[in-house]
Each structure stands twice: as structure tokens, then as C-alpha cells.
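A look at the structure
Residue-level listing of the chains:
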Amino acid sequence: MSLHPGPRLLLADEPTTALDVTTQAEVMAILDGLRRQSGLAMLFITHDLELAAAICDRTAVMYAGQIVEVRGSSLLHSDPLHPYTAALAAARPDITQTTHRLRAIPGRPLSAFEAPAGECAFAPRCTHAGDVCRAAVPDLVGLDGGGVSLRPCARASRPASGSNRWLRAPARRSSR
Ligand code: SF4
């Protein structure tokens, strides 16, 4: 971690990784105080979707070095649009359930160097993957409402608010 004497942007690259929750809260309080006192913007990089939702206005979800979804942080859990975002949200433990089987994402994450060319990088792990997903890389497009963007997948369409259509059986389509 490093500090510039007069920054306008605070870049926090996984500042709480491997910290216990108490120390994590202390670090986040310091960063948030710095940000507020100095009127800084903060770019916060983390593997913790819950933490991102707690402190970030908007969150970009990346897979294999590519942005797959950018949205208001609160929407990522309640209304995920990309299958990877939905799978990440579903993999989090539910502390309200006494018996709850975790929903792990099959396979392992790919680095940007391992991503297959000319197809969706998430296809090897996506339960909705079909032939069309391996025919081309999905494009980055804007969403209705402005200010957010998403790399829609072959199956992408906006789900009803509050639903998580990617955790149910995929609707098969013959083309994008
Ligand atoms: S394009 Fe296909 S493989 Fe990729 S995330 Fe969408 S459904 Fe899954």
C-alpha cells in the first residue's frame, strides 16, 4: 500500500485480504475516513462481493481479466444479470440457514492468459453454456437507464426484479 500527498483517487488493491473481520473493519474505517475527509474517489479491488456491496456505489465483476458486469452494488446480489455474478452471489453462505449446502462454481478460475480465444471465457464453468457461447466472445453493451454496462452473455436478458433466473434451468435459444 502507498500514499500520495495530494491524491484525487485512492487505489485500494485488496487491502483487507487475509485479515480477520475485526481488523478488516478497522482498515475499512480508516480508508473510508480518508476518502470522506479528502473528497477522494476510491477504486477498491477485492474478491469479497459482500464487502464491495457494503462500501462501493458501483461494482464491476471481472472474470478471466474481462469485465462481465458493471452495476450498482446493491443490485448484484438481488438482481444479477450475468451467470458468473449469479453464481458468485449464490456461493455465499446464508447465515440464516442452519443447514445449507453451499453452491460452488464447478471447475477453477481461469487467468486472462488461459481464457480461450473466440468464445465466452466462462463457458467451461457455466451451467448455461451452449454451442452459441463457444462461437464468439460476447460484446460489451449498455443497459437501459444509463450509467451501467454489462457484457451480456448468449442467454442474457433482464430478469424480473428480485429473481435469479441463472440459478434455474436455462432457456435454450437457437441464436443470440
Ligand atoms: S455466454 Fe454462455 S457460457 Fe458465457 S456466461 Fe453466458 S450462458 Fe454462460
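Notes on the structure in this doc start here.

Basis of the calculations
- Residues numbered from 1 in each chain as written.
- Predicted model: local features only at pLDDT ≥ 70, side-chain atom pairs only at ≥ 80, totals over all residues.
- Helix = DSSP H or I, 4+ residues; strand = E, 2+ residues; numbered from the N terminus.
- Buried ≥ 20, exposed ≤ 12 C-beta atoms within 10 Å, placed from the backbone.
- Contact = placed C-beta atoms within 7 Å.
- Core = buried A, V, L, I, M, F, W, Y, C linked by C-beta atoms within 7 Å.
- Pairing = 2+ DSSP bridges.
- Right-handed = clockwise from strand over helix to strand, strands pointing away.

Comments concerning the overall build of the protein chain
- Within the protein chain one finds four helices and six strands.
- Each helix (α) and strand (β) of the protein chain, taken in turn from the N terminus, gives the series β-α-β-α-β-β-α-α-β-β.
- Considering the protein chain as a whole, with its 176 residues, one finds that 19% of them fall into the buried category.
- If you take every contact in the protein chain between residues at least 6 apart in sequence, the share linking residues at least 24 apart comes to 43%.

Observations concerning the nonpolar core
- Core analysis: the biggest nonpolar cluster contains 13 residues, and V61, Y63, V68, Y84, C120, A121 and F122 have the highest contact counts within it.
- Counting residues per element, this core draws most heavily on helix α4 (residues 83-91), which supplies four residues.
- Not counting chain neighbours up to four residues away, the residues in contact with V61 comprise V68, E69, L76, H82, Y84 and T85.

Here's the deal with the pairing of strand β4 (residues 66-72)
- Direction of pairing for strand β3 (residues 58-63) relative to β4: antiparallel, over a ladder of six bridges. Counted as the bridge partner of T59 is R71 from β4.

So, α4
- Within the sequence span of α4, burial applies to P83, Y84, T85, A86, A87 and A89.
- In this structure, the buried residues of α4 make contact with α2 (49-55), β3, β4 and α3 (73-78).

With respect to the pairing of strand β1 (residues 9-13)
- Bridge analysis of β1 against strand β2 (residues 41-45) gives five bridges, and the strand direction is parallel. Among the inter-strand pairings, A12 is bridged to a residue of β2, identified as F44.
- Note that the unit made of β1, helix α1 (residues 21-38) and β2 has a crossover that is right-handed.

Regarding unusual backbone geometry
- Despite not being glycine, E14 has its phi angle at roughly 50°, a positive value.
- Structurally, E14 can be placed in the loop between β1 and α1.
- Its 12 C-beta neighbours within 10 Å are what place E14 among the exposed residues.
- Located in the positive-phi region is A64, a residue other than glycine, with phi close to 50°.

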